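Listed here are the chains, written in short residue letters.
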Amino acid sequence: MSINIWHPFTQHGLGEPIPEIARAEGTCLYKSDGTRIIDAISSWWVQTHGHCHPKITAAIQAQSAKLDQMIFAGWTHGPAQELAEGLADFLPDSLEHIFFSDSGSTAVEVALKMALGYWHNRGEVRQKILVMEHSYHGDTIGAMSVGARGVFNQAYAPLLFDVGTISFPEAGAEQQTLDQLEAFSTDCDNAPAALIVEPLVLGAGGMKMYSPAILAQMAAICREHDVLFIADEVMTGWGRTGTVFACEQAGVEPDILCMAKGLTGGVIPLAVTAASDPIYQAHYSEDRAQMFFHSSSFTANPIACAAANANLAIWRDEPVQERIDAIIASHQAFAERLKQKSNVSGLRQCGTILAFEIDDGAGDYMSSLGPQLLRFFRDRNILLRPLGNTIYIMTPYCISREELDSVYGVIEQAIGHFGST
Ligand SMILES: *Cc1c(COP(=O)(O)O)cnc(C)c1O
């Protein structure tokens, strides 16, 4: 018997090749024959400082030889304590409590359970969750429930709970979104427990972007009506939008913040759900029935915490912000070039993320252009994974000028090759 690997988000029936990678360094992945591939999507939005950063590698090596894994219910360890102290320099002051889990999806599940637990323990009936159109919050059942419905989760619809959906704040139609939020928030018969949003950039929904001003107004409406504000910074966190967290740009302090991907520099799974004091206090009691009922086997794994501590040290000791600012400026210059192309539309940038659509006349996720683009980039040794006809760049921050130019060059080739005009 031979066992076959079933890959995520992969239609094996299409018979696409599955290239094998042997090693990685900085911005690049290498095949065993030495072929170099520029990782222009940070290995699916996780890598921030580049592959195999020596400080993160060393931290993992040292920690794995000292304390590898232990129970975290009722016990603690140094790397977790150090991470809690370190995160205080990066999070808003109001987020005083952190809860560990293993992935972005579980960080979201934890956030939803905290929000529901908060209202339950206070004896108030608030159960509805509000979400934004086109959102993505992960692939577990709760995370799918608060994400956009579509072909991705059609088969599982009976398992998903109902939510209240506000429209995506398209330019010019922002007031409609705010009015919808206000209407949901003042509905006394079905009072919402929380709003969960991806701040500034909706990643998997198509790299859709909205302004910090709208984010601030949404948070203000929630505050006014006691609706908990949950920021899913799983993708936007750790510098992607130009600041460590996207909420900073709007001056927003969420009640609950989820982070994962870049928390360990994108090297090893670890997630944190940070919560304000009222959320914690609602679970703090001598009554065991009010505790927060959540755990997973590897909660706060010491090796993962050590990697996260190394990530924080890199942010403190290396010119990370300068690297980010250089990417921002470089993308701005490239965007000027793209503006000249007739078959490029929806050009937008938020921090280190640049996105646009190639017009081929069709253009939804299932359109054939996506796979064709994927192949085009793969054949040219650039790892880009368009969302339908939406091309975006999201590189590790260590990317060099030359590597960026290679990525831009291949994208321009693709525009020439696939454009309708
Ligand atoms: C990737 C992502 C998640 C899910 O994270 P996983 O670690 O893949 O479970 C949740 N929310 C957002 C905004 C994401 O981009």
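Calculation notes
- Residues numbered from 1 in each chain as written.
- Predicted model: local features only at pLDDT ≥ 70, side-chain atom pairs only at ≥ 80, totals over all residues.
- Heavy atoms only, no water.
- Pairing = 2+ DSSP bridges.
- Helix = DSSP H or I, 4+ residues; strand = E, 2+ residues; numbered from the N terminus.
- Axes fitted to C-alpha atoms, helices over the stretch in contact; angles between N-to-C directions.
- Contact = heavy atoms within 4.5 Å.
- Near = heavy atom within 4 Å.
- Polar contact = N/O pair within 3.5 Å; in protein donor to acceptor, adjacent residues only side chain to side chain.
- Areas by Shrake-Rupley, 256 points an atom, 1.4 Å probe, with all protein chains shown as cover.
- Domains from an automatic or database assignment.
- Buried area = accessible area lost by both parts, 1.4 Å probe.
- Salt bridge = Lys/Arg side-chain N within 4 Å of Asp/Glu carboxyl O.
- Nonpolar A, V, L, I, M, F, W, Y, C, P; charged D, E, K, R; others polar.
- Buried < 20%, exposed > 50% of the residue type's maximum accessible area, 1.4 Å probe, protein only.
- Arc of directions from axis to C-beta.

Draft legend 1. Representation of the sheet that holds strand 14 (residues 353–358). The sheet built from 3 strands is open, its strands ordered 13-14-16 with antiparallel pairing. In this open sheet, the two strands that pair with only one neighbour each are strand 13 (344–350) and strand 16 (390–393). Ignoring strand direction, the axes of neighbouring strands in this sheet form an average angle of 15°. Strand direction decides the pairing type here: strand 14 and strand 16, joined by 4 bridges, are antiparallel. Its bridge partner lying in strand 16, Phe356 is registered against Ile391. Taken strand by strand, helix 10 (residues 320–339) contacts strand 13, strand 14 and strand 16, and its axis lies near 165° from that of strand 13.

Draft legend 2. Looking closely at the sheet that holds strand 3 (residues 36–39). Read across the open sheet, the 4 strands follow the order 1-2-3-15; overall the sheet is mixed. Only two strands of the sheet have a single neighbouring strand rather than two, namely strand 1 (23–25) and strand 15 (382–383). Pairing of strand 3 with strand 15, which is carried by 2 bridges, proceeds in the parallel orientation. Looking at the pairing, Asp39 lines up with Leu383 of strand 15. Relative to strand 3, helix 12 (residues 401–418) is tilted by about 85°, and along the sheet it contacts strand 2 (28–30), strand 3 and strand 15.

Draft legend 3. Representation of the site of the ligand within the structure. Residues in close proximity to the ligand include Trp45, Ser103, Gly104, Ser105, Tyr136, His137, Gly138, Glu198, Asp232, Val234, Met235 and Lys261, which together make up its full environment. Between the ligand and Ser105, the relevant distance is 2.6 Å, taken from an oxygen atom to a side-chain nitrogen or oxygen of the residue. Contact between the ligand and Lys261: an oxygen atom at 2.7 Å from a side-chain N or O atom of the residue. Relative to its free-state accessible area of 380 Å², the ligand is covered by the protein chains to the extent of 82%.

Draft legend 4. Molecular detail of the domain arrangement of the chain. Per the domain assignment, the segments of the chain are domain 1 (12–52 + 319–417) and domain 2 (57–317). Each of domain 1 and domain 2 has a C-alpha centre, and these two points are 27 Å apart. Taken together, the contacts link 28 residues of domain 1 with 26 residues of domain 2. Of the roughly 2,200 Å² buried between domain 1 and domain 2, counting both surfaces, carbon and sulfur atoms make up 64%. Among the residues of domain 1 in contact with domain 2, Trp45, His49 and Cys350 are the three that bury the most area, contributing 26% of the side total. The tally of links from domain 1 across to domain 2 stands at 0 salt bridges. On inspection of domain 1 and its partner domain 2, the count reaches 12 residue pairs in polar contact (both at pLDDT 80 or more). Broken down by secondary-structure element, the contributors of at least two residues to the side of domain 1 that touches domain 2 are helix 1 (42–45), helix 10, strand 13, strand 14 and strand 16. With 4 residues, the top contributor of residues to the side of domain 1 that touches domain 2 is helix 10. When grouped by side-chain class, the residues that make up the side of domain 1 that touches domain 2 number 17 nonpolar, 10 polar and 1 charged.

Draft legend 5. Geometry of helix 2 (residues 54–64). Within helix 2, the full set of buried residues consists of Ile56, Ala59, Ile60 and Gln63. Along the axis of helix 2, the buried positions cluster into a sector of 95°, meaning they face one direction only. Opposite the buried face of helix 2, at more than 90 degrees from it, the exposed residues are Pro54 and Gln61. The elements touched by buried residues of helix 2 are helix 3 (78–87) and helix 9 (302–317).

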